[in-house]
Amino acid sequence: MYTMLIDNGFDDSSLKEWLDNRIEADATLVGVSTYVAYSLNDAVVNYAGKSVLPEAYDKQQQTTISATSEDVTRNNTFLQASVSKTVTWTALTMLLDAGAFTLDDSIDAALDFIVRNPNHPDTAITYRHVYTHTTGIKDDYLYEYGDNCAEGFYSKDLDTFLPTYLEESKSWANWETGTKEKYSNMATALAALLVERLSGVDFNQFTQRYIFAPLGMSDTSWAFTTTSARPYETDNEYEYGYDYGKSRLRRLTQSSSAETSYLTSRHYCFPDWPSGQLYTTAADMAKFALAMMAYGQYDEACLYSEATGRLVFEEAASSVAEGAGLGWFIGSKHGYVDGAGHDGAEFGASSNMYLNLASNYVTGWMSNSAVSVDTVDALNARLKEEAQSISSGSESS
């Protein structure tokens with residue numbers, strides 16, 4: 001159930017026991033993998049629970065799925081949901097660091113189509129707007145399943161899907177770009193398209209070549225693989241669940257059984273995949289988090305300059321979007337006191353990443369289940385305790 005990134009001698013048996021007990025106590029937590037890191041030499045990974053359950057009801061196929069039960073291992077990748085965005089923002093920021101644009105440049109120059117809110121066509125959209133979720137681009141939730149996800153990806157690529165989506169008036173808020181904040185998955189997908197246009201490299205290949213490979217993230221990809229943990233939600237713990245292809249919220253039939261029953265799905269994909277479709281392990285994500293905490297540096301890898309790395313965690317639109325850095329959530333408004341981070345949630349997926357920039361540690365977790373709010377809070381608090389313990393042990397050694 002457990003492995004260390006580096007054998008540093010820290011005893012975290014209490015955390016391993018805590019994770020087992022939490023899974024036993026909370027049926028919404030199916031499987032989980034966690035990481036806590038203080039430096040390259042002081043990083044630990046834990047995992048517990050199931051990556052595959054023996055039985056679950058597939059709402060999309062409307063049938064019960066039976067499978068061989070499998071425990072979570074160090075090799076299982078988990079869907080990161082919106083924590084994926086931190087990689088997308090990093091890719092765009094690498095090009096900012098290289099001088100490809102400035103924050104207040106219009107994005108139009110990088111594209112062969114004009115992106116404007118049709119309700120306010122004279123207002124240009126800038127990179128700052130894209131980073132801070134102030135574009136006014138609204139989300140639609142479009143999904144494909146199983147074999148329809150060609151090589152794990154949606155049937156339309158970013159270059160095909162986004163121009164059509166963004167020309168529709170229903171894809172935009174009524175307010176003027178830059179005057180309000182509205183969290184936008186589609187704007188994050190637009191950021192990935194900007195990476196492609198500015199660099200001349202396919203976004204998937206860009207992240208593999210310039211982020212994952214330099215950081216040694218060998219088990220990270222944008223698509224479901226044979227080692228990916230299967231997604232689950234409980235159908236008797238939530239008032240609302242996932243409605244395939246229509247609305248994200250739908251009242252579920254409460255289970256008549258005294259035992260918890262689970263919903264599952266074949267692997268799925270969506271057109272805005274750079275906003276939430278990253279699959280990775282806790283060990284790989286710890287490396288990425290450490291690089292972010294070190295302002296773009298990890299071992300011998302350098303993603304961007306330290307000055308740019310510090311800019312990432314500064315307020316980028318404080319008058320409109322408090323706590324918005326360059327794509328990251330920063331400060332207490334979003335629950336990341338003394339640092340920055342991002343959380344994520346999808347059907348059968350929950351995640352969180354926290355960088356404590358004041359005390360120089362990172363924590364994170366990922367689950368193949370829609371985890372209860374109580375367990376989210378408990379995981380975050382318990383990993384903070386573990387990080388402080390590692391920090392104290394490092395300082396005394």
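Scope of this entry: the structure provided in the associated data block. Everything numeric in this text was worked out from a predicted model, so none of it was measured.

**Overview of the sheet that holds strand E9 (residues 232-234)**
Part 1 of the argument: With respect to topology, 4 strands assemble into an open sheet ordered E5-E4-E12-E9, the strand pairing being mixed. Every interior strand has two partners, whereas the edge strands, strand E5 (63-66) and E9, have only one. Strand after strand, the sheet turns through a mean of 40° between neighbouring axes, direction not considered.
Part 2 of the argument: Strand direction decides the pairing type here: strand E4 (residues 55-58) and E5, joined by 4 bridges, are antiparallel. Considered in E5, the bridge of Asp58 is made with Thr63.

**Looking at unusual backbone geometry**
Part 1 of the argument: For His133, which is not glycine, the phi dihedral falls at a positive 60°.
Part 2 of the argument: Considering the arrangement of structural elements, one finds His133 in the loop between helix H3 (127-131) and strand E8 (144-145).
Part 3 of the argument: For Asp299, which is not glycine, the phi torsion reads 55° and is therefore positive.
Part 4 of the argument: Checked against the element boundaries, Asp299 lands in the loop between strand E15 (297-298) and strand E16 (301-302).
Part 5 of the argument: Overall, the relative accessible area of 62% leaves Asp299 in the exposed class.

**Things to note about the side chain of Ser367**
Part 1 of the argument: Within the secondary structure, Ser367 sits in strand E20 (residues 361-367).
Part 2 of the argument: Ser367 gets classed as buried once you look at its relative accessible area, which sits at 1%.
Part 3 of the argument: A distance of 2.6 Å separates a polar atom in the side chain of Ser367 from the backbone oxygen of Gly31.
Part 4 of the argument: For Ser367, the side chain forms a polar contact with the side chain of Ser369, separated by 2.6 Å.

**Some thoughts on the state of the cysteines**
By definition, a disulfide links two cysteine residues through a covalent bond between their sulfur atoms.
Part 1 of the argument: What the rule picks out here adds up to 1 disulfide.
Part 2 of the argument: Here Cys149 engages in a disulfide with Cys269; their sulfurs sit 2.2 Å apart. Its torsion about the S-S bond being -95°, the disulfide of Cys149 and Cys269 is classed as left-handed. Taken together, the residues span a long stretch of sequence, with Cys149 in the loop between E8 and helix H4 (158-166) and Cys269 in strand E13 (residues 268-269) at a distance of 120 residues. A single burial state applies to Cys149 and to Cys269, both of which are buried.

**Let's talk about the packing of helix H2 (residues 85-97) against helix H7 (residues 282-293)**
Part 1 of the argument: One way to put it is that H2 packs onto H7 with a least axis distance of 12 Å and a crossing angle of 45°. Judged by the inter-axis angle, H2 sits oblique to H7. Where H2 crosses over H7, the handedness of that crossing is left-handed. Facing Thr86, Val87 and Thr90 of H2, the residues of H7 in contact are Met285, Phe288 and Met292.
Part 2 of the argument: Here the contact of H2 with H7 is composed, by residue class, of 4 nonpolar, 2 polar and no charged.

**Notes on the pattern of salt bridges**
Part 1 of the argument: The tally for this structure, following the rule as stated, stands at 10 salt bridges.
Part 2 of the argument: The partner of Arg128 in a salt bridge is Asp104, and the shortest N-O contact between them spans 2.8 Å. Placement of Arg128 in helix H3 and of Asp104 in the loop between H2 and H3 is noted, with a sequence separation of 24 residues between them.
Part 3 of the argument: Judged by relative accessible area, which is 52%, Asp104 ranks as exposed.
Part 4 of the argument: Put simply, Glu386 and Arg382 hold a salt bridge, and the shortest N to O gap is 3.4 Å. Here the residue Glu386 and the residue Arg382 both occupy positions in helix H9 (residues 373-396), the gap between them amounting to 4 residues, near one helical turn.
Part 5 of the argument: Residue Arg382 is classed as buried on the basis of its relative accessible area, which comes to 11%.
Part 6 of the argument: Beyond isolated ion pairs, a larger network of salt bridges with shared partners links Asp112, Asp159 and Arg197.

**Comments concerning the environment of Cys269**
Part 1 of the argument: Here Cys269 falls in the buried class, since its relative accessible area comes to 0%.
Part 2 of the argument: For the pair Cys269 and Ala150, spaced 119 residues apart in sequence, the C-alpha to C-alpha distance is 9.2 Å.
Part 3 of the argument: Look past the residues within four positions of Cys269 in its chain and what remains in contact with it is Leu142, Tyr143, Glu144, Cys149, Gly152, Phe153, Tyr154 and Gln277.

**Section: the packing of H4 against helix H5 (residues 185-199)**
Part 1 of the argument: Remark: H4 packs on H5, axes separated minimally by 10 Å, with the N-to-C direction vectors making an angle of 130°. Our classification of the angle between H4 and H5 gives oblique. In this structure, H4 crosses over H5, and the sense of that crossing is left-handed. For the pair H4 and H5, the contacting residues are Leu158, Asp159, Phe161, Leu162, Tyr165 and Leu166 in the first and Met186, Ala189, Leu190, Ala192, Leu193, Glu196 and Arg197 in the second.
Part 2 of the argument: Class assignment for the residues of the contact of H4 with H5 results in 10 nonpolar, no polar and 3 charged.

Thresholds, definitions, all that
- Residues numbered from 1 in each chain as written.
- Predicted model: local features only at pLDDT ≥ 70, side-chain atom pairs only at ≥ 80, totals over all residues.
- Heavy atoms only, no water.
- Pairing = 2+ DSSP bridges.
- Helix = DSSP H or I, 4+ residues; strand = E, 2+ residues; numbered from the N terminus.
- Axes fitted to C-alpha atoms, helices over the stretch in contact; angles between N-to-C directions.
- Buried < 20%, exposed > 50% of the residue type's maximum accessible area, 1.4 Å probe, protein only.
- Polar contact = N/O pair within 3.5 Å; in protein donor to acceptor, adjacent residues only side chain to side chain.
- Disulfide = S-S within 2.5 Å.
- Parallel < 35°, antiparallel > 145°, perpendicular 65-115°, else oblique.
- Left-handed = near helix turned anticlockwise from the far one by under 90°.
- Contact = heavy atoms within 4.5 Å.
- Nonpolar A, V, L, I, M, F, W, Y, C, P; charged D, E, K, R; others polar.
- Salt bridge = Lys/Arg side-chain N within 4 Å of Asp/Glu carboxyl O.

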